[in-house]
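Architecture and fold: a report
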Amino acid sequence: QVQLVESGGGLVQPGGSLRVSCEASGSIDSIYAMGWYRQPPGKQRELVAAITGGGSTNYADSVKGRFTISRDNAKNTVYLQMDSLKPEDTAVYYCKADIRDLWVGVRRDYWGQGTQVTVSS
């Protein structure tokens, strides 16, 4: 069984920084692309950042220059470093990973449970 667990969310002041992490565990054969999504209260979930297995990245326009996505393949972990945070960044942040299961042999997207990030004074 494969699961993703996020950590690092919390309350931060505007202009502050926060790093959230997402570790994949279980019967993993391969992890392909990984990404971070967020869902503000009452709004649709949106892509924030994504990273391929080779390290290529892309970002939503709203976070370019402020957020950085990275991954540690040895730890099956993806990170999102968030700097210069704004109140509008407040949301539940979810990680997603394209994973092939070692035993089942099925490649599909897995989602984390989400972690709350609140930017407020």
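Let us look at the structure shown here. Since the model is a prediction, treat every value here as computed from it, not as a measurement.

1. Side note on the state of the cysteines
Enumeration according to the criterion identifies one disulfide in this entry. Cys-22 shares a disulfide with Cys-95; S-S distance 1.9 Å. The chirality of the disulfide connecting Cys-22 with Cys-95 is right-handed, given an S-S dihedral of about 40°. Pair noted here: Cys-22 is in strand β3 (residues 18-26) and Cys-95 is in strand β9 (residues 91-101), with a separation of 73 residues, a long-range link. Assessed through its relative accessible area of 0%, Cys-22 is described here as buried.

2. Considerations on the sheet that holds β3
One open sheet accounts for four strands, arranged β1-β3-β8-β7; its pairing is antiparallel. Only two strands of the sheet have a single neighbouring strand rather than two, namely β1 (2-7) and β7 (67-72). Strand-to-strand twist in this sheet, taken as the mean axis angle between neighbours without regard to direction, amounts to 15°. Bridge count for β7 against strand β8 (residues 77-82) is six bridges, and the pairing is antiparallel. In the sheet register, Ile-69 faces β8, and the bridge partner there is Leu-80.

3. Focus on the nonpolar core
One finds Trp-36, Leu-80, Met-82, Tyr-93 and Ile-99 to be the most contacted residues of the largest nonpolar core, which totals 30 residues. Contributions of two or more residues to this core are made by β1, β3, β4 (28-39), β5 (46-51), β7, β8, β9 and β11 (115-119). Ranked by residue count, the leading element in this core is β9, at five residues. Met-82 has contacts with Gly-16, Ser-17, Leu-18, Val-20, Arg-66, Phe-67, Tyr-93 and Val-117, leaving out every residue within four places of it along the chain.

4. Observations concerning the pattern of salt bridges
As enumerated under the stated definition, the model contains six salt bridges in all. Among the salt bridges present, the one from Arg-66 reaches Asp-89, with a minimum N-O distance of 2.8 Å. In this pair, Arg-66 sits in the loop between β6 (57-59) and β7 while Asp-89 sits in the loop between β8 and β9, placing the two residues 23 residues apart along the sequence. Asp-89 matches Arg-66 in its accessibility class, with the two residues each being buried. One network of salt bridges, with partners in common, ties together Arg-38, Glu-46, Arg-66 and Asp-89.

5. Regarding the side chain of Thr-90
Examined against the element boundaries, Thr-90 turns out to sit in the loop between β8 and β9. What makes Thr-90 buried here is its relative accessible area of 18%. Polar side-chain contacts of Thr-90 include one of 2.9 Å to the backbone nitrogen of Val-119. In contact with Thr-90, not counting residues within four places along its chain, are Pro-40, Pro-41, Gln-116, Val-117, Thr-118 and Val-119.

Cut-offs used in this document
- Residues numbered from 1 in each chain as written.
- Predicted model: local features only at pLDDT ≥ 70, side-chain atom pairs only at ≥ 80, totals over all residues.
- Heavy atoms only, no water.
- Disulfide = S-S within 2.5 Å.
- Helix = DSSP H or I, 4+ residues; strand = E, 2+ residues; numbered from the N terminus.
- Buried < 20%, exposed > 50% of the residue type's maximum accessible area, 1.4 Å probe, protein only.
- Pairing = 2+ DSSP bridges.
- Axes fitted to C-alpha atoms, helices over the stretch in contact; angles between N-to-C directions.
- Core = buried A, V, L, I, M, F, W, Y, C linked by side-chain atoms within 4.5 Å.
- Contact = heavy atoms within 4.5 Å.
- Salt bridge = Lys/Arg side-chain N within 4 Å of Asp/Glu carboxyl O.
- Polar contact = N/O pair within 3.5 Å; in protein donor to acceptor, adjacent residues only side chain to side chain.

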